[in-house]
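This is what each chain is made of:
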Amino acid sequence: MGAGSRWLRRLRSWAGPWLVLAAVSGSAAGCGANPDARPGRSLLGRFDVASAVRRFDVPAAAGFQPTLLRVSSAGVWLADPWANRVGLFTPDGRAIFVIGGTGAGPAEFKSIRDIRPLGGGRLAVLDPAGGRISVLGSDGALQVTVPLTEVGHAEQLVPVGDTAFVLVRVRADTPLVRIDLAGRATAYPSLGWPEYARLHPLAAQLTAATDGRGRWVLGMLTGPRFVRFRGQEVLGPPSEFVEPVQPPEVVAQRAGGRMTAQVRLVHRAAQRMALADGTILVLFGGASEEAGRLLDLYDFDTGRYLGTRLFEEAPSDLDVLDGLLYALYAEREPPQVVAFPFGRS
């Protein structure tokens, strides 16, 4: 793989479904990096080659290089937001199907932003450029289409039972909107955090995780906090990540007679999140040389920090099911899914 291809894959694995909105002006190596972020953490263990219990290479399906991973009773779901393709695999790597491609057809997408498992082995695919959420069955067939005409662009979605979704938007004033299966906005859930509305939208980006049982969490991509929810109820004030993160600076610039905004990002915070068995998992960036390999654990009910696991290699995405943590390594050639035993202690 050439240097250009390697750089592109690294960008794909970090950016995943989100818009590339930040102009990076610093890095872990060049912005006062702490070579070891563990003094403020309690190291519980490591995820390494020896501890893996299952792995598979993603088959060389045409143009399929996934950066999104979710696991459910149906199997391992993978999505490639750049090629607009979605695949379902057995835990040992057998491809059940890979569908998609860029377009407006029933098995096509224009811009995959997020995927979330639903009951009955189904999957919701958020496709804001296509103006819809597509609900796929475990056979890959399109079952339901939810229009996004009324609510517009969203970056992530959280299923609310089988009849509604909460959409996460890049808007500091109304970052959350609940919609029904007809695409109608039925509520605008609060973050319970008045100061959030004063952030610039580019500095207010959030990443979501849900356990599929009514509990979910939002963490800041570039800020120091996360918020817990049960249904639409906010559980207390925002909690702080164990490692402080310097907020990004938003800079307005005039170019070609137009004003544009860029984020001068020092360090990323919640790169990916998962939620399982009452534990919030945060794949954290931060200021250390271990950025992107730190998996910080928090108690869902209290927001209390529990400890940290360390990956041998930074994964691109992760999820947990039935005591196994599945990690996607999108930068490997070919991409690989690895499963590790997981518990909160």
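Quick note: structure is the one above.
Just so it is clear, the structure is predicted and the values come from calculations on it, not from any experiment.

**Student:** Got a minute to help me understand the side chain of Arg215 in this structure?
**Tutor:** Relative to the helices and strands, Arg215 is located in strand E17 (residues 215-220). In this structure the side chain of Arg215 is engaged in a polar contact, spanning 2.7 Å, whose partner is the side chain of Asp211. Contacts of Arg215, omitting those with residues within four sequence positions, involve Ala209, Thr210, Phe229, Arg230, Leu275, Gly278 and Phe300.

**Student:** Help me out: how do you make sense of the sheet that holds strand E8 (residues 114-117) in this one?
**Tutor:** Adjacent strands of a sheet form backbone hydrogen bonds with each other and so pair up, either parallel or antiparallel. If you trace the four strands from one edge of the open sheet to the other, you get E8-E9-E10-E11, paired in antiparallel fashion. Each having just a single partner strand, E8 and strand E11 (142-147) make up the two edges of the open sheet. Neighbour-to-neighbour, the strand axes of this sheet turn through a mean angle of 20°, independent of strand direction. Of the pairings in the sheet, the one linking strand E9 (residues 123-127) to strand E10 (residues 132-136) comprises five bridges and is antiparallel in character. Note on E10: the bridge partner recorded for Leu126 is Ile133.

**Student:** How should unusual backbone geometry be read in this particular structure?
**Tutor:** Leave glycine aside and you will find that most residues have negative phi; peptide bonds, for their part, are mostly trans. Residue Glu333 is joined to Pro334 through a cis peptide bond whose omega torsion reads 0°. Tracing the backbone through its elements, the reader meets Pro334 in the loop between strand E28 (324-329) and strand E29 (336-341). Not every positive phi belongs to a glycine, and Asp277 is a case in point at roughly 50°. The residue Asp277 is located in the loop between strand E23 (270-276) and strand E24 (279-284) in this model. You will see that Asp322, though not glycine, has its phi angle at about 50°, which is positive. Mapped onto the elements, Asp322 comes out in the loop between strand E27 (317-321) and E28.

Criteria and cut-off values
- Residues numbered from 1 in each chain as written.
- Predicted model: local features only at pLDDT ≥ 70, side-chain atom pairs only at ≥ 80, totals over all residues.
- Heavy atoms only, no water.
- Helix = DSSP H or I, 4+ residues; strand = E, 2+ residues; numbered from the N terminus.
- Polar contact = N/O pair within 3.5 Å; in protein donor to acceptor, adjacent residues only side chain to side chain.
- Contact = heavy atoms within 4.5 Å.
- Pairing = 2+ DSSP bridges.
- Axes fitted to C-alpha atoms, helices over the stretch in contact; angles between N-to-C directions.

The values reported here are purely geometric and, on their own, carry no functional implication.
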